[in-house]
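# Working through the structure, step by step
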Amino acid sequence: MKEINSKKANHVHKNKASSQHRSVDKKPQHKKIIAENTPQVKNAAEAERPKVRYITIDSEDAGQRIDNFLLRTLKGVPKSHLYRLMRKGEIRINKKRIKPPYKLVLNDVVRIAPIRVSEQKDAVSTGLTIVANLEKQILFEDDRLIVINKPSGMAVHGGSGLSFGLIEALRALRPDARMLELVHRLDRDTSGCLVVAKKRSALRHLHEQLRNKNVQKFYHALVKGHWPTKLTRVTEALKKNDLKSGERVVVVDNQAGKECETRFRVLERYRGATLIRAFPVTGRTHQIRVHCQVSGHSIAMDAKYGHEGFDEQMKSKGLKRLFLHAASIEFTHPKTEQRMKIEAPLEPSLEKLLAKLVKE
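Residues numbered from 1 in each chain as written. Predicted model: local features only at pLDDT ≥ 70, side-chain atom pairs only at ≥ 80, totals over all residues. Heavy atoms only, no water.

In total, this model carries one cavity of 30 Å³ or more according to the counting rule given. Its volume calculated, the largest cavity comes out at about 60 Å³. What lines the largest cavity is Val183, His184, Val195, Leu206, Leu210, Val215, Lys217, Ile329 and Phe331. For the lining of the largest cavity, the secondary-structure elements that each account for two or more residues are α8 (200-211) and β15 (324-332). A per-class count over the lining of the largest cavity returns seven nonpolar, one polar and one charged. (1 Å grid on protein atoms, 1.4 Å probe; cavity = no way out; pocket = protein on both sides within 12 Å on 5 of 7 lines; lining within 4 Å. Points joined across faces, edges and corners; volume = space filled by probe spheres on them. Helix = DSSP H or I, 4+ residues; strand = E, 2+ residues; numbered from the N terminus. Nonpolar A, V, L, I, M, F, W, Y, C, P; charged D, E, K, R; others polar.)

Throughout the structure, instances matching the rule amount to two aromatic pairs. When the centroid spacing of 4.6 Å and the interplanar angle of 50 degrees are considered together, the rings of Trp227 and Phe264 count as tilted. Here Trp227 is found in the loop between β9 (216-224) and β10 (233-234), whereas its partner Phe264 is found in strand β13 (residues 262-270), with 37 residues between them in sequence. A residue is classified by how much of its surface remains accessible, and Trp227, at 0% relative accessible area, is buried. (Phe/Tyr/Trp six-rings, centres within 6.5 Å; stacked < 30°, edge-to-face > 60°. Buried < 20%, exposed > 50% of the residue type's maximum accessible area, 1.4 Å probe, protein only.)

Right, let's get into the pairing of strand β4 (residues 109-112). The alternating pattern of β4 places Val110 and Ile112 on a buried face and Val109 and Arg111 on a face that is not buried. Relative to β4, strand β1 (residues 53-56) runs antiparallel, the two being bridged by four bridges. By the bridge assignment for β4, Thr56 is matched with Val109. (Pairing = 2+ DSSP bridges.)

Once that is clear, we can look at the environment of Thr229. Along the chain, Thr229 turns up in the loop between β9 and β10. With 35 residues separating them along the chain, Thr229 and Phe264 place their C-alpha atoms 9.0 Å apart. Only 2.8 Å separates the side chain of Thr229 from the side chain of Arg269, close enough to count as a polar contact. (Polar contact = N/O pair within 3.5 Å; in protein donor to acceptor, adjacent residues only side chain to side chain.)

Quick look at the sheet that holds β4 now. Taken in spatial order, the four strands make up an open sheet running β1-β4-β2-β3, and their pairing is antiparallel. In this open sheet, the two strands that pair with only one neighbour each are β1 and β3 (96-97).

So, on to helix α9 (residues 287-294). With six of eight residues buried, α9 is to be regarded as a mostly interior element. For α9, the complete set of buried residues consists of Gln287, Ile288, Arg289, Val290, His291 and Cys292.

Assignment of secondary structure puts Glu135 in the loop between α6 (129-132) and β5 (138-141). Measuring from C-alpha to C-alpha, the distance between Glu135 and Leu173 comes to 7.8 Å, with 38 residues separating the pair along the chain. Aside from chain neighbours lying at most four places away, what touches Glu135 is Leu173 and Arg174. A distance of 2.7 Å separates polar atoms of two side chains, one belonging to Glu135 and the other to Arg174. (Contact = heavy atoms within 4.5 Å.)

Glancing now at the nonpolar core. Side chains of nonpolar character tend, in soluble globular proteins, to be buried together. If you look at the biggest cluster of nonpolar residues, it comprises 32 residues, and the most contacted ones within it are Ile148, Phe264, Ile288, Cys292 and Ile299. Those elements that place two or more of their residues in this core are β6 (145-150), α7 (166-173), β8 (191-197), β9, β14 (273-280), α9 and β15. No other element matches the five residues that α7 contributes to this core. (Core = buried A, V, L, I, M, F, W, Y, C linked by side-chain atoms within 4.5 Å.)

Let's shift gears to unusual backbone geometry. A positive phi is found at Asn107, a non-glycine position, where the angle reads about 75 degrees. Relative to the elements of secondary structure, Asn107 occurs in the loop between β3 and β4. A relative accessible area of 52% places Asn107 in the exposed class.

Here the focus is the pattern of salt bridges. A side chain with one charge can pair with a side chain of the opposite charge if their charged atoms come near. According to the stated counting rule, one finds 18 salt bridges in the structure shown. A salt bridge links Asp67 to Arg65; its shortest N-O distance comes to 2.7 Å. Residue classification places Arg65 among the partly exposed residues on the basis of a relative accessible area of 30%. Note that Asp302 is salt-bridged to Arg289, the shortest N-O span being 2.7 Å. With a gap of 13 residues between them, Asp302 in the loop between α9 and α10 (308-316) and Arg289 in helix α9 connect regions that are remote in the sequence. Each member of the pair, Asp302 as well as Arg289, carries the same accessibility label: buried. Each of Glu135, Glu141, Arg174 and Lys198 takes part in one network of salt bridges that share partners. (Salt bridge = Lys/Arg side-chain N within 4 Å of Asp/Glu carboxyl O.)

Attention shifts here to a positive patch on the surface. A surface patch of positive charge is lined by Lys213, Lys240, Lys258 and Arg284. Looking at the secondary structure, you find Lys240 in strand β11 (residues 238-242). (Patch = residues over 30% accessible without salt bridge, like charges linked within 9 Å, V, L, I, M, F, W, Y side chains within 5 Å. Areas by Shrake-Rupley, 256 points an atom, 1.4 Å probe, with all protein chains shown as cover. Lys, Arg positive; Asp, Glu negative; His and termini not counted. Charge placed at Lys NZ, Arg CZ, Asp CG, Glu CD.)

Remark: helix α4 (residues 66-73) packs on helix α5 (residues 79-88), axes separated minimally by 10 Å, with the N-to-C direction vectors making an angle of 125 degrees. Considering the angle they form, α4 stands oblique to α5. Note that α4 runs across α5; the crossing there is right-handed. On α5, the residues touching Ile66, Asp67, Leu70 and Leu71 of α4 are Lys79, Leu82, Tyr83 and Met86. Taken together, the residues of the contact of α4 with α5 break down into six nonpolar, no polar and two charged. (Axes fitted to C-alpha atoms, helices over the stretch in contact; angles between N-to-C directions. Parallel < 35°, antiparallel > 145°, perpendicular 65-115°, else oblique. Left-handed = near helix turned anticlockwise from the far one by under 90°.)

Taken across its nine residues, β15 has eight buried, putting it largely inside the fold. Sheet topology note: the β8/β15 ladder contains two bridges and is parallel. By the bridge assignment for β15, Ser191 is matched with His325. Direction of pairing for β9 relative to β15: antiparallel, over a ladder of six bridges. Bridged to His220 within β15 is His325. Pairing between β15 and strand β16 (residues 339-343): five bridges, direction antiparallel. By the bridge assignment for β16, Ser328 is matched with Glu343. Linking two consecutive strands that pair antiparallel, namely β15 and β16, is a turn of six residues; a positive phi of about 65 degrees is found at Glu337 within it.

It is worth stressing that arrangement in space is one thing and function is another; only the former is reported here.
Structure follows, in structure tokens:
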């Protein structure tokens with residue numbers, strides 16, 4: 001072998017460098033062709049290629065519209081694309097074409113043609129401190145639901161310029177959860193008890209309880225001034241107004257507004273402020289905040305409905321957020337049928353503020 005190589009080297013030397021370049025050029029091309037045709041690469045390509053999917057509907061998914069089911073199952077696929085696939089017959093149920101309003105029935109077999117689901121570029125990272133800290137805020141969790149102490153400043157879902165909200169963060173923390181859906185909502189600046197369903201049956205059960213007013217939510221709020229002991233009920237009707245800037249505000253309108261009721265109780269009195277408990281019998285947008293405002297006792301650090309002078313006083317004592325906290329929630333567990341009451345502690349910054357106030 002050494003002799004043969006030596007002769008080749010002499011031959012190349014005589015024919016100058018051009019032959020060397022041709023020889024060098026051929027080698028990597030040959031290697032590339034071999035690499036592309038290896039069984040390993042072919043198998044990898046086959047594995048990446050989308051395949052037909054068959055999903056048998058169970059009791060958890062029965063009853064919902066096929067378009068909503070597909071949006072949840074095929075995350076990342078645009079709604080318009082799913083509708084087009086249904087029109088073309090690429091998505092069928094029991095071998096038949098269907099339309100978006102079709103409601104799934106137990107044991108339906110959904111056939112989904114090969115669809116390449118694009119990776120979400122803005123996926124929530126569990127490495128983010130705000131996401132990782134949510135694990136510590138979980139108050140209760142089982143196979144049906146999660147109750148979490150939502151931090152102030154975090155929206156319940158992404159949108160309106162927010163890359164993600166609490167529900168997206170929870171889905172990142174629980175990647176194996178088949179579904180996670182909000183049972184109810186809290187304003188972005190409000191902290192406290194928030195319930196998230198892990199099964200559709202639990203979501204339906206809790207929604208029915210909300211409609212029948214079998215869910216009791218109690219809030220704690222620090223308000224301006226001396227709240228009268230006899231002021232235990234506010235029933236002003238409320239109406240949503242959208243300003244030109246796009247901001248939404250709620251105003252009292254007993255003619256065109258929706259009926260509302262909030263019940264109040266004094267918890268502690270301080271010099272120039274009162275800590276109250278609020279129980280919203282109805283669940284209108286900003287209900288507690290507006291009912292406090294219209295009563296002449298705005299909630300501390302309320303950017304929409306607050307009192308500037310009172311807010312400045314509270315800010316000087318270290319308050320940096322709305323003092324409205326969903327302190328507890330009571331409902332019937334969707335599986336055990338037992339009555340549950342879950343409480344969320346005040347965050348340290350609110351406890352620290354109360355410690356600075358002078359009790360009356």
